[in-house]
Amino acid sequence: MANYQTQLQSLGYNYVQSAATGYAKFNGIPFMVKIDTPSKTYIVSASCCPQDENGAVTLNSYLQQFSADRKKTVNMANYSNNTISIVYKMGMSTDITANVKEATDAIMYFVAQSSCIPVCNACGQQVATDFYSVRGNVHCLCPNCFNRVQSTMLQQANAESQTSVNYPLGILGAVLGGLVGAVLWVIFSMMGKVVVAAGLVAGFLGVLLFEKLGKKLTLPGLFISLGISLVMLLIGMYFALGIDIYNELKEYITFSEAFSLIPYVFSDSEIIGAIIHDWGFGIIGYILTAVVSIGGFFNKRKVQNQAVRLS
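Owing to the predicted nature of the structure, the values given are computational and were not obtained by experimental measurement.

## Observations concerning the pattern of salt bridges
The final tally for this structure, using the stated rule, is three salt bridges. For Lys101, the salt bridge goes to Asp105, with nearest N and O atoms at 2.9 Å. Residue Lys101 and its partner Asp105 are located together in helix α3 (residues 97–113), separated by four residues, close to a single helical turn. When its relative accessible area of 44% is taken as the criterion, Lys101 is described as partly exposed. Arg309 is the salt-bridge partner of Asp130, the closest N and O atoms lying 3.3 Å from each other. Note that Asp130 is positioned in strand β8 (residues 130–134) and Arg309 in strand β10 (residues 307–309), a separation of 179 residues in sequence.

In structure tokens:
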């Protein structure tokens, strides 16, 4: 795994591991480097704005040329909402030092040539700013904006604490989510394929729909939704097995009789080995989703009301 912390610290950035973000001020300009692993990109940005329209035109011209000259490594470079952003492709190498230094130096040059001034990332005002961790993400804010964020978070936390889980609707959502995964398994099984995706979908949608319909996701609700999703996935696997038996023996048995033969199928060691092999793919997908969902739940609970000053 790439040690982005060491790389960014060598360039003068501080690093927040949980947010995968580096931050620093160079010549008074707030900079951030966000590592976005899912999209395989990293973003070098600076919170500032030109002092006049001519400066904005000059800045956009610089950024367009910078991006055009680096099509193989840069996805885009633009100025929007008081922020200069340069988005790099992750590429095969995990060494981002050279590109981050290039972007930092380039932005410093653009800032000087465009007469940009440091501003708050939220309100856009030229006031003193600091870096803050808000719900697990790093932001450059002025004290007034940070106080507003804290107040909003407190109100949301109070409102959430007064919201109770609607377990009947949440359970219905988990059933529907698991059912989608089960149907996917049956469809792919009829096509002669086994896929991890069915397990992923069952677990993911089960948790998602429990939270959507149940209005809130608690730890008991998380495990209930995961349990229901697993049951629905197993039902889909059982149903798909019955269909397979019927398709093999439909000249001799009815559709309902096919399901009565499933216990005999499980007693055959050779057949059960093949079934376990196939079902394993779906279970692996489900386990992956369960692990991610549980980890995400605890991470979210850890940072959902967190707002602290970093510098």
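Here the narrative resumes, following the displayed structure.
## Some points on the nonpolar core
Core analysis: the biggest nonpolar cluster contains 33 residues, and Tyr13, Ile35 and Ile86 have the highest contact counts within it. Listed by contribution, the elements that provide at least two residues to this core are α1 (4–9), β2 (21–26), β3 (29–36), β4 (41–50), α2 (53–68), β5 (74–80), β6 (83–89) and α3. When near neighbours in sequence (up to four residues on either side) are disregarded, Tyr13 contacts Leu8, Gly22, Tyr23, Ala24, Phe26, Phe31, Met32, Val33, Val44, Val100 and Thr104. Core analysis: the next-biggest nonpolar cluster, separate from the first, contains 30 residues, Ala198, Val207, Ile228 and Leu233 among them.

## Quick look at the packing of aromatic side chains
One pass over the structure, following the stated rule, counts 16 aromatic pairs. Summarising the aromatic geometry, the rings of Tyr246 and Phe255 are spaced 5.4 Å apart at their centres and angled 75 degrees between planes, so their arrangement reads as edge-to-face. Relative accessible area serves as the criterion here: at 24%, Tyr246 is assigned to the partly exposed category. For Phe255, a relative accessible area of 38% translates into the label partly exposed. Ring geometry for Phe266 and Trp279: centres 6.1 Å apart, planes at 75 degrees, overall edge-to-face. Here Phe266, found in helix α9 (residues 262–266), pairs with Trp279, found in helix α10 (residues 269–303); they are 13 residues apart in sequence, far enough to count as distant. Classification of Phe266 as partly exposed rests on a relative accessible area of 32%. Taking NZ or CZ as reference, Arg70 lies 3.9 Å from the ring centre of Phe66, over its face.

## Here we look at the environment of Phe259
With respect to the helices, strands and loops of the structure, Phe259 is situated in helix α8 (residues 255–260). Along the backbone, Phe259 and Glu53 are 206 residues apart, and their C-alpha atoms lie at a distance of 74 Å. If we skip the residues at most four places from it in the chain, Phe259 touches Tyr238, Phe239, Gly242 and Ile243.

## Regarding the side chain of Thr104
For Thr104, the location among the structural elements is in helix α3. Beyond its immediate chain neighbours, meaning those up to four positions away, Thr104 contacts Tyr13, Phe26, Phe31 and Val44.

## Some words on the pairing of β5
Sheet faces and side chains relate simply in a regular strand, where the side chains alternate between the two faces. Relative to β6, β5 is paired through six bridges, and the arrangement is antiparallel. Across the sheet, the residue bridging to Ala77 is Ile86, located in β6. With antiparallel pairing between neighbouring strands as the criterion, β5 and β6 make up a hairpin whose turn holds two residues, including Asn81 at a positive phi of roughly 50 degrees.

## Focus on the packing of helix α6 (residues 197–214) against helix α7 (residues 219–249)
Axis separation between α6 and α7 bottoms out at 8 Å; the angle between their running directions is 140 degrees. Here α6 is positioned oblique relative to α7, judged by the angle of their axes. Note that α6 runs across α7; the crossing there is right-handed. Of the residues in α7, those in contact with Ala198, Gly199, Ala202, Gly203, Gly206, Val207 and Phe210 of α6 are Gly221, Leu222, Ile224, Ser225, Leu226, Ser229 and Leu233. Looking at the contact of α6 with α7, its residues break down into eight nonpolar, six polar and no charged.

Reading the values: the criteria
- Residues numbered from 1 in each chain as written.
- Predicted model: local features only at pLDDT ≥ 70, side-chain atom pairs only at ≥ 80, totals over all residues.
- Heavy atoms only, no water.
- Salt bridge = Lys/Arg side-chain N within 4 Å of Asp/Glu carboxyl O.
- Helix = DSSP H or I, 4+ residues; strand = E, 2+ residues; numbered from the N terminus.
- Buried < 20%, exposed > 50% of the residue type's maximum accessible area, 1.4 Å probe, protein only.
- Core = buried A, V, L, I, M, F, W, Y, C linked by side-chain atoms within 4.5 Å.
- Contact = heavy atoms within 4.5 Å.
- Phe/Tyr/Trp six-rings, centres within 6.5 Å; stacked < 30°, edge-to-face > 60°.
- Lys NZ or Arg CZ within 6 Å of the ring centre and 35° of its normal.
- Pairing = 2+ DSSP bridges.
- Axes fitted to C-alpha atoms, helices over the stretch in contact; angles between N-to-C directions.
- Parallel < 35°, antiparallel > 145°, perpendicular 65-115°, else oblique.
- Left-handed = near helix turned anticlockwise from the far one by under 90°.
- Nonpolar A, V, L, I, M, F, W, Y, C, P; charged D, E, K, R; others polar.

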